[in-house]
Each structure stands twice: as structure tokens, then as C-alpha cells.
Amino acid sequence: MPNRVHGLREPDRALGIVRICACIAALALGGCATAPPQVCSPLEWRPSPNHDQRSAQMIVLHQTEMESAEAALVTLQTRNPTGRVSAHYLIGDDGRLYQLVAESERAWHAGASRWGGVADLNSASIGIELDNDGVEPFSQAQIDTLLRLLDDITGRLDIPRHLVIGHGDIAPTRKRDPSALFPWKRLAEAGYGLWPRAVTAPVPSGFDPWAAMRLIGYDLRDPAAALRAFHRHYRGNEDEQWLPGDAEILYDLQQQLMEMPVMEMPATVP
Ligand SMILES: [Zn+2]
């Protein structure tokens with residue numbers, strides 16, 4: 001099953017169009033301070049050493065939906081008929097870890113997506129592909145490697161540990177990975193992702209589950225798709241209607257976010 005790893009547009013070409021349009025707009029306003037010199041002239045280039053590379057703020061998990069890690073590596077390293085794709089890391093079902101893109105660079109794994117106020121997830125995240133065909137369980141060795149990688153990345157890049165999310169969470173109308181079999185609870189037990197506590201407080205009257213969904217980060221423009229993504233992540237199914245127990249989970253997740261120190265709140269809260 002070739003070419004099934006998450007199709008994307010070609011970001012550089014699209015960005016070039018945006019830059020040129022922005023420059024034209026800036027010229028019309030009488031200035032072009034941020035455009036590249038080769039696009040906007042006259043412009044005086046005064047480089048400053050006071051900068052560094054932008055760093056990721058969250059981690060997005062995927063499944064390859066291919067038959068092997070080797071097949072996925074080919075797709076992630078080559079030009080495909082449906083568009084070029086990549087990820088920073090790939091983990092085989094045997095636990096083997098591959099890196100394809102430097103963490104400081106922008107891999108093409110998220111596509112059209114949104115989480116809270118962030119609409120360009122490729123710029124804001126590290127992408128990790130898991131070698132999985134979409135219907136099989138995730139192996140122990142693979143999850144063990146993932147946990148070691150998360151420990152390493154979140155420590156070095158200072159990414160909040162609860163901001164580990166799925167591709168299906170950020171693109172609910174287009175993507176379903178990782179599948180409902182993914183062990184989010186096990187990740188939470190190791191300290192990653194957001195997960196309801198064992199004992200949850202009673203849900204107060206007037207609680208708005210949609211407001212909690214929005215606070216967590218879900219794009220609500222297609223409510224049924226958002227609920228499907230929420231259920232895949234937290235309930236192990238893909239139901240598109242509210243289920244008994246949803247309110248308790250969402251109220252607890254909302255409370256956890258509200259209890260976090262301000263500096264640890266997700267940058268994506270609208
Ligand atoms: Zn994906």
C-alpha cells in the first residue's frame with residue numbers, strides 16, 4: 001500500500017506565494033520590513049545576530065498505515081504522486097528508532113490542521129510516525145521506544161509534557177491516526193498527554209462540554225468530527241454523539257488545564 005502516509009501540499013511553494021503577496025501588500029502601505037531582500041526592493045539588509053531557530057511547542061503522533069517501516073521510510077524520503085511528506089522520527093514496530101528531519105527543521109507531517117489557536121502545526125510541532133497498519137495493536141517495544149524518545153525530546157526542547165497529541169486530534173475531518181487502539185492511558189501513566197484522573201469531581205450544573213473541548217484544543221468547526229476524534233483518543237471508539245461519561249472526563253481535563261501554572265498553559269488556548 002504505497003503512498004498512504006498523510007498527503008500534504010508542498011509548503012515551500014505555498015509559503016513563497018504568501019511571502020510575495022505579503023510583500024506586495026506591504027509595498028502598498030509604504031514599507032516592507034519583513035520581506036526577503038530578493039523579493040522586495042529597495043530594501044537594506046541589516047542582519048542581526050540576536051536570533052535563534054524557532055522551536056517546537058508540541059508533539060504530534062501518527063501511524064504510517066503501511067505494511068512496514070522500510071516502506072514508510074521510502075515514502076517519507078521521496079517525492080510522491082500525492083505530495084511529499086516527512087516526519088522528524090519513525091519508530092518501527094520492533095522498537096527501532098529512525099530520524100529523518102532535524103528537530104530544528106520543519107517536517108511536513110501535519111497538513112491542514114488546527115489545535116487551539118495554532119493553525120500551522122508543522123511549524124509548531126515535532127512529528128513522530130509509528131509503524132502501524134492502522135488495525136493492529138501497537139507493540140510493547142514500539143511504545144517503550146516512544147516513551148524514551150518523549151522523555152528525551154520534552155526534556156531537551158522544554159515542550160510541556162501534556163502537549164503530546166494525535167494527528168486525528170488536530171485534523172479531525174481528515175485523519176484518524178493514531179487509531180483507537182493507541183495506548184494514550186499508558187502514555188499518561190508515564191506523564192505524557194492529557195488524561196482524566198482516576199477519581200473525578202462531580203460535574204457542576206451548567207458545565208459546557210463544548211467549551212472544555214475548545215479549551216483542550218479541538219477544532220469545533222465540524223462538531224461531529226471533533227467528537228469522533230475525542231472519543232478515539234479518550235474512549236477507544238469513534239462515536240459522533242455524546243456518550244455517558246464524556247462530561248466527567250471533559251470536566252476533569254478542563255480542571256487539570258485550569259490548575260496548571262500560567263507558564264505551562266498551552267500556547268494554543270484561544
Ligand atoms: Zn498522520
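For the structure itself, look to the data block above.
Let me begin by describing the structure that accompanies this report. This is a predicted model, so every value here is computed, not measured.

**A closer look at the pairing of strand E4 (residues 125-130)**
- Within E4, six of the six residues are buried, which leaves the element mostly enclosed by the surrounding structure.
- Residues Ser125, Gly127 and Glu129 of E4 are buried on one face, and the alternating residues Ile126, Ile128 and Leu130, pointing to the opposite face, are buried as well.
- Summarising the sheet, strand E1 (residues 58-63) and E4 pair through six bridges and their orientation is parallel. Paired with Val60 across the bridge in E4 is Gly127.

**As for the environment of Glu136**
- Along the chain, Glu136 turns up in the loop between E4 and helix H4 (140-157).
- For Glu136, a count of 12 C-beta atoms within 10 Å corresponds to the exposed category.
- Put simply, Glu136 and Ser179 are 43 residues apart on the chain and 9.0 Å apart in space, counted from C-alpha to C-alpha.

**With respect to the pairing of E1**
- Across the six residues of E1, six count as buried, placing the element largely inside the fold.
- Along E1, one buried face is formed by Met58, Val60 and His62 and the opposite face, lined by Ile59, Leu61 and Gln63, is buried too.
- Across three bridges, E1 lies against strand E5 (residues 164-166) in parallel orientation. Bridging from a neighbouring strand, Val60 pairs with Ile165 of E5.

**Focus on the sheet that holds strand E2 (residues 89-91)**
- On the basis of which strands lie adjacent, the open sheet formed by five strands has the order E3-E2-E4-E1-E5 and mixed pairing. In the strand order of this sheet, the two ends are held by strand E3 (97-99) and E5, each with one partner. Between one strand axis and the next, the sheet turns by 25° as a mean value, whatever way the strands run.
- Pairing between E2 and E3: three bridges, direction antiparallel. When the sheet's bridge partners are listed, Tyr89 is paired in E3 with Gln99.

Cut-offs and rules
Residues numbered from 1 in each chain as written. Predicted model: local features only at pLDDT ≥ 70, side-chain atom pairs only at ≥ 80, totals over all residues. Buried ≥ 20, exposed ≤ 12 C-beta atoms within 10 Å, placed from the backbone. Helix = DSSP H or I, 4+ residues; strand = E, 2+ residues; numbered from the N terminus. Pairing = 2+ DSSP bridges. Axes fitted to C-alpha atoms, helices over the stretch in contact; angles between N-to-C directions.

Treat this as a map of the structure, not an account of what it does.
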